[in-house]
Amino acid sequence: MAPRRKKIYEGKAKVLYEGPEPGTLVQYFKDDATAFNAQKKDVIEGKGVLNNRLSEYFMTGLTNIGVPNHFIKRLNMREQLIRQVEIVPLEVIVRNFAAGSIAKRLGMEEGTPLPRPIVEYSYKNDELGDPLVPEEYIIAFGWASQQDLDDIVALALRVNDFLTGVFYGVGIKLVDFKIEIGRVWDGDFMRLIVADEISPDSCRLWDVKTGQKLDKDVFRRDLGSLTDAYTEVAKRLGVLPTNTQPIKPTLIN
Ligand code: UDP
């Protein structure tokens, strides 16, 4: 069967298709989970449906508080309409507590509060395993300018304050997260907006009281059912799809 629409890009957890209008794309959330630069892989039934809903929820909230992002509208269980952007080749990581790579690198106990939110960058390159890079590299290699980085830090900290509050309201501690940033042009004027996704795939989320992990570390560290963890997050936020049956991408007008 011929594909119903043009695939633009396929990543580890999502597929991008041509959108119905110029400047738009359709973002499809797969059930695939990967960790450790895709050395560990699995299909987690229902993950894509949950992440589509959760990313919609966070991006809509960001729009409502004036943080620009790529989300336009959700189309169905697994797809959302987004603005086409030029992705800045960086993973922008914000940390409130030590965990994962920073805990390892600095020999800190996971969960140690950081003196202030720390923003760091990895260069998006799977072959290299997304290496941590300093601002100096980013500017020297032209991935982003100093002005871009100032704007990116401002965006990342607003997203951090927003997500921290939203999660805290439902008894979840936002330990760290990753966002990606895209460029859009209004005529000659370039703006940076939040792109990609915001979901438990790209956050560390711990229950405030018990410390239970409710994020992709459940998969990375074999701590139980990832779907159960993401469903718990979605339930607490009041974001639950009425039908969790996986569905095929559908053609939209
Ligand atoms: N993260 C991500 N994608 C990546 C790397 C990290 O979404 O390719 C997220 C990760 O889920 C965590 C935060 O960024 O919430 C910080 O990750 P860290 O640098 O500690 O790396 P990890 O321990 O996940 O390898």
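What you see is a predicted model, and the numbers here were worked out from it, not measured in a lab.

## What about the environment of Lys30?
Link 1 in the chain: Position of Lys30 among the secondary structure elements: in the loop between strand E3 (24-29) and strand E4 (32-35).
Link 2 in the chain: For the pair Lys30 and Val15, spaced 15 residues apart in the sequence, the C-alpha separation amounts to 7.4 Å.
Link 3 in the chain: With near-sequence residues (within four places) excluded, Lys30 lies in contact with Glu10, Gly11, Lys12, Ala13, Lys14, Val15, Lys47, Gly48 and Arg78.

## Some words on the pairing of strand E6 (residues 71-74)
Link 1 in the chain: Direction of pairing for E6 relative to strand E7 (residues 79-83): antiparallel, over a ladder of three bridges. Across the sheet, Lys73 pairs through a bridge with Leu81, a residue of E7.
Link 2 in the chain: Once E6 ends, the chain turns through four residues before running back antiparallel as E7.

## Notes on the UniProt feature "domain: SAICAR synthetase/ADE2 N-terminal" (unreviewed entry) in the protein chain
Link 1 in the chain: As recorded in UniProt, the sites labelled "domain: SAICAR synthetase/ADE2 N-terminal" (unreviewed entry) are residues 7-236.
Link 2 in the chain: Here residues 7-236 runs as 30% helix and 36% strand, with 34 Å between its end C-alpha atoms.

## Notes on the site of the ligand
Link 1 in the chain: Taken together, the neighbourhood of the ligand is formed by 15 residues, with Glu91, Arg95, Ser101, Asp176 and Arg204 sitting nearest.
Link 2 in the chain: In the model, an oxygen atom of the ligand is placed 2.8 Å from a nitrogen or oxygen of the Arg204 side chain.
Link 3 in the chain: At a separation of 2.9 Å, an oxygen atom of the ligand approaches a polar side-chain atom of Arg220.
Link 4 in the chain: About the coverage of the ligand: the protein hides 77% of its 510 Å² of free accessible area.
Link 5 in the chain: Secondary-structure elements contributing two or more residues to the shell around the ligand are strand E9 (90-97), helix H2 (100-106), strand E12 (172-186) and strand E14 (203-207).
Link 6 in the chain: By residue class, the composition of the shell around the ligand is four nonpolar, three polar and eight charged.

## Focus on the sheet that holds E3
Link 1 in the chain: Spatially, E1-E2-E3-E7-E6 is the arrangement adopted by the five strands of the open sheet, whose pairing is antiparallel. In this open sheet, the two strands that pair with only one neighbour each are strand E1 (7-10) and E6. Within the sheet, the average angular offset between the axes of one strand and its neighbour, ignoring direction, is 25°.
Link 2 in the chain: Against the sheet, helix H1 (residues 47-64) engages E3, E6 and E7, with an angle of about 130° to E6.

## With respect to the pattern of salt bridges
Link 1 in the chain: Per the counting criterion, the structure on display carries 26 salt bridges.
Link 2 in the chain: Put simply, Lys12 and Asp126 hold a salt bridge, and the shortest N to O gap is 3.1 Å. Of this pair, Lys12 sits in the loop between E1 and strand E2 (14-18) while Asp126 is found in the loop between strand E10 (113-123) and strand E11 (132-133), placing the two residues 114 residues apart along the sequence.
Link 3 in the chain: A residue is classified by how much of its surface remains accessible, and Lys12, at 34% relative accessible area, is partly exposed.
Link 4 in the chain: Several salt bridges converge on common partners, so that one network encompasses Arg95, Glu110, Glu120, Asp176, Arg204, Asp217, Arg220 and Arg221.

## Description of unusual backbone geometry
Link 1 in the chain: In this structure, Phe36 takes a positive phi of about 50° despite not being glycine.
Link 2 in the chain: For Phe36, the location among the structural elements is in the loop between E4 and strand E5 (40-43).
Link 3 in the chain: Non-glycine residue Asp130 carries a positive phi angle of around 45°.
Link 4 in the chain: Structurally, Asp130 can be placed in the loop between E10 and E11.

## Some details on H1
Link 1 in the chain: Relative to the 26 Å expected for 18 residues at 1.5 Å per residue, H1 spans 26 Å between its end C-alpha atoms, a close match to the ideal helical length.
Link 2 in the chain: With 13 of its 18 residues buried, H1 lies for the most part within the structure.
Link 3 in the chain: Once H1 finishes, Gly66 follows within two positions and takes phi at roughly 90°, a positive value.

## Describing helix H6 (residues 226-236)
Link 1 in the chain: Taken residue by residue, H6 has Leu226, Ala229, Tyr230, Val233 and Ala234 as its buried positions. The buried residues of H6 occupy an angular sector of 135° when projected down its axis, which confines them to one face. Exposed residues pointing more than 90 degrees away from the buried face of H6 are listed as Asp228 and Lys235.
Link 2 in the chain: Looking at the buried side of H6, the elements it contacts are H1, helix H4 (146-168), E12, E14 and helix H5 (217-220).
Link 3 in the chain: For H6, the N-terminal cap is Ser225; the gap from its side-chain oxygen to the backbone nitrogen of Thr227 is 3.4 Å.
Link 4 in the chain: Just downstream of H6 lies Gly238, where phi reads positive at about 75°.

Calculation criteria
Residues numbered from 1 in each chain as written. Predicted model: local features only at pLDDT ≥ 70, side-chain atom pairs only at ≥ 80, totals over all residues. Heavy atoms only, no water. Helix = DSSP H or I, 4+ residues; strand = E, 2+ residues; numbered from the N terminus. Contact = heavy atoms within 4.5 Å. Pairing = 2+ DSSP bridges. UniProt positions renumbered as here; feature names shortened; annotations may be inferred. Near = heavy atom within 4 Å. Polar contact = N/O pair within 3.5 Å; in protein donor to acceptor, adjacent residues only side chain to side chain. Areas by Shrake-Rupley, 256 points an atom, 1.4 Å probe, with all protein chains shown as cover. Nonpolar A, V, L, I, M, F, W, Y, C, P; charged D, E, K, R; others polar. Axes fitted to C-alpha atoms, helices over the stretch in contact; angles between N-to-C directions. Salt bridge = Lys/Arg side-chain N within 4 Å of Asp/Glu carboxyl O. Buried < 20%, exposed > 50% of the residue type's maximum accessible area, 1.4 Å probe, protein only. Expected span 1.5 Å × (residues − 1). Arc of directions from axis to C-beta.

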